Each structure stands twice: as C-alpha cells, then as structure tokens.
Amino acid sequence: MLFRSTLSILGSEFHMERRESYYMVQFRDVAGQVRTIRIGREKFIATPAVVAELLKANADLPDNPKDAVEVVRQAVATRQTRTRQITSRTGWHGTSFVYPGETFGPLAGKLKHDGTSGIDPALGLKNGSLQAWKEGLKNPCEHSDYLIFAASIAFSGPLFDLAGEQEGVVFHYQPQHSAPDNKGTKTKSSSGKTLAARVAVSTIGRPQKTDLVSFAMTQRASEDYCFSHNNLVGALDEEGRALSGTGKHIKPQQLPYQLTSGRGTLLSKKAIQDSDLQNLTWVLPVITTGEKPLDDPKNQTARMEGAQVRMAPIPVPPGGEGGVFNRLQGSRDEILKSAHLLARQVEQTLAENYGVAMPAYLRKLV
C-alpha cells in the first residue's frame, strides 16, 4: 500500500511504433486516489523534470523540492525490473491478437495496447454484458437483414489476415435509387442506416451517435483511424458532412482507395523522426453511410471500376417502408409502428451494452 508522498515504478514499457520507452509510475494523488501514468525514461536524467510532470498529474509529493526529488530517486533505485511492449496497432501480432484492454494468445502479459486513441476515444470502452447485448438485438435482427449484415461485417475484421487478404472493403449504406412515388413516401427519410453502423461499432466500443466519425476528416486522420482499428471494423457516418464546413477534408471519391489500400501516405525519413508521424498500415472492413446513392446515372457520372469494387453500395428501403427493418410485414402504418419500436429497442440495448462482443469473439477465435 502506498503511503503519503511516496511513489513506485512498476516496470518499463517499450512502444513499438514510437520507438520510445517509459517507466510506469504509480502514485497517490492529493485526493487520495492511486494512479498510474507513463513517463519517458529519458526524463529521469533530470529528476526535477519528473517531479514537475508528477505535480502536473496532481501527485501528492512533498512541498520541499529537495524532498520531492529524493522521493523520485528512491523510486528509481527500487524500481521493478518487469518489462513489456506496447503498441497503438490493434490486431494480429504473430499468433496473438492485441485488443484495447487485453491481448489474446501467447503474447498476453508481454504485449498490450497502449490504451490511448485520440482519434476514437470510444474504442474499447465496455458496459453491460454480452448476454444482454445478444438478447436486446435478437428481436430487431430477426426483422432486419441490414443489422445482421452490419454485425457480421464487424466480426469479419479479424478474419482478413487469417484468410491472407491484404486489402479491406467498404460497404456503403445508402437510400434506394430515387424514383417517383405516388404514395408520397420520403425516400430519404430516416431509415436506420446510422443505426446499423452503430450496431457494428457496438462490438468494439461505445456506439453513441456522437462517437461515430464523420466523413469530415483529413487524410492523415483517416489513416490514424484505420491504423487504430486494424483487424477490427471502422464506421464513417454522414457522407454529406464532407461537403460542408471548412478545412482540408478528404474527398469522398478518395475513400474507397484510401480505406481499403491498407497503407497510408509514405512519409520521408526526416518526417518519421517525429514519433507522432509514422508510416502506417492496416486492413479492415468499413461501413459508411450517406444520403446519395453511389451509382445513380441520373444524378452523377459512373464511378471508376476500382471504386465500385472497393466500396459496395448497400441500398436501404425508405423509412416509410420500414428502413433497415426490411422483414416487417403488414400495412404501412403497422410497419412504421413496429419499426419505431424495434429502433428504440436497439437504441436502449446499445446505450446499456457495448464493447462486450468482440473480446468474447476473439477469445474463442485466437
């Protein structure tokens, strides 16, 4: 048990991508809570710099600078010699699978995810139970090919490497082609496309709508996102967001190639000296959503063949016909009522249960 104004070093970690090493420093903060942070080993050459970093983290250190420095020196002198590697890249590392919070396979306890994802803070978050997740989605999935497909896409992520596949794929949930509608059905009304994407995301983390990444991202951000979701699943929501606002957003027509290529922009040797700028690789399936059909000759020119192969359209019926709940039967009013109830059931299930499916799946797969 830690005592006031004392700290300990639990071991060292080496970051595979950043090529940096850290000490894992455990301390008690001024509120009495025991915390652990990483501090670069190079900083311990100048002990006052370590004291400053600990004080910034609210550590309960002596007010006298000399005493605080002595506490740090004692911790270094008595540090544990345990070492392990960490990585920002999820997925297969040999015959082991690195997932946020847990590594499955022979490298368990030796290699772990670094636990930080600035590009997607919801990745790896958990809540509820696997049983509740399955039971809550059972009835909605019985009435929706689209929800089943979305969840299946997520679970296909870890299989790409096992199948020897080095290129990913994008599935774009979109409205059915626009057509005259004598019934007055709104073909672009809410049909559950985002809801399906959230079901996929719920397998690997928190799936609130605000957690989904939109098309309004830079090219480097898309590379970081794919890298952090390697061998899992990605989801980009609302294609229209890429066409609004300001900033250097990646062009939607680039995404089929960018997301599936498995390799980011090749940076210079000088650039990669910055630990935050490294050459990145990945392979994963991605779900995207949008309000315009990808291949509608009435509204746009045909896409390149490469884009058609890499980004497959998944037409979703209009909300007035049940949307993603395409297996509902009955009158229009009955379908609408049932679809709304099923959507609410999915919403409630995902709010209370998420991030519990993929770890259970990986545990058996590995």
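Just above sits the structure.
Residues numbered from 1 in each chain as written. Predicted model: local features only at pLDDT ≥ 70, side-chain atom pairs only at ≥ 80, totals over all residues. Heavy atoms only, no water.

(A) Molecular detail of the pattern of salt bridges. Summed over all chains, the structure comprises nine salt bridges. With its nearest N and O atoms 2.8 Å apart, the salt bridge here joins arginine 327 to aspartate 145. In this pair, arginine 327 sits in the loop between β13 (311-316) and α10 (332-352) while aspartate 145 sits in helix α4 (residues 145-156), placing the two residues 182 residues apart along the sequence. In this structure arginine 327 comes out as partly exposed when scored by relative accessible area, which is 48%. A relative accessible area of 33% places aspartate 145 in the partly exposed class. Residue lysine 209 is joined to aspartate 237 by a salt bridge in which the shortest nitrogen-to-oxygen separation is 3.3 Å. In this pair, lysine 209 sits in the loop between α6 (193-201) and β10 (213-214) while aspartate 237 sits in strand β11 (residues 234-237), placing the two residues 28 residues apart along the sequence. Through salt bridges with shared partners, one network takes in Glu13, Arg38 and Arg84. (Salt bridge = Lys/Arg side-chain N within 4 Å of Asp/Glu carboxyl O. Helix = DSSP H or I, 4+ residues; strand = E, 2+ residues; numbered from the N terminus. Buried < 20%, exposed > 50% of the residue type's maximum accessible area, 1.4 Å probe, protein only.)

(B) Spotlight on the nonpolar core. Of all hydrophobic cores here, the largest spans 46 residues; its most connected members are Tyr99, Leu147, Tyr173, Phe325 and Val346. When residues of this core are assigned to their parent elements, the largest contribution, seven residues, is made by α4. For phenylalanine 325, the residues in contact, after removing those within four places along its chain, are Pro140, His143, Ser144, Leu147, Leu195, Ala339, Leu342, Ala343 and Val346. By size, the runner-up hydrophobic cluster in this structure holds 19 residues, among which are Leu7, Tyr23, Leu54 and Val72. (Core = buried A, V, L, I, M, F, W, Y, C linked by side-chain atoms within 4.5 Å. Contact = heavy atoms within 4.5 Å.)

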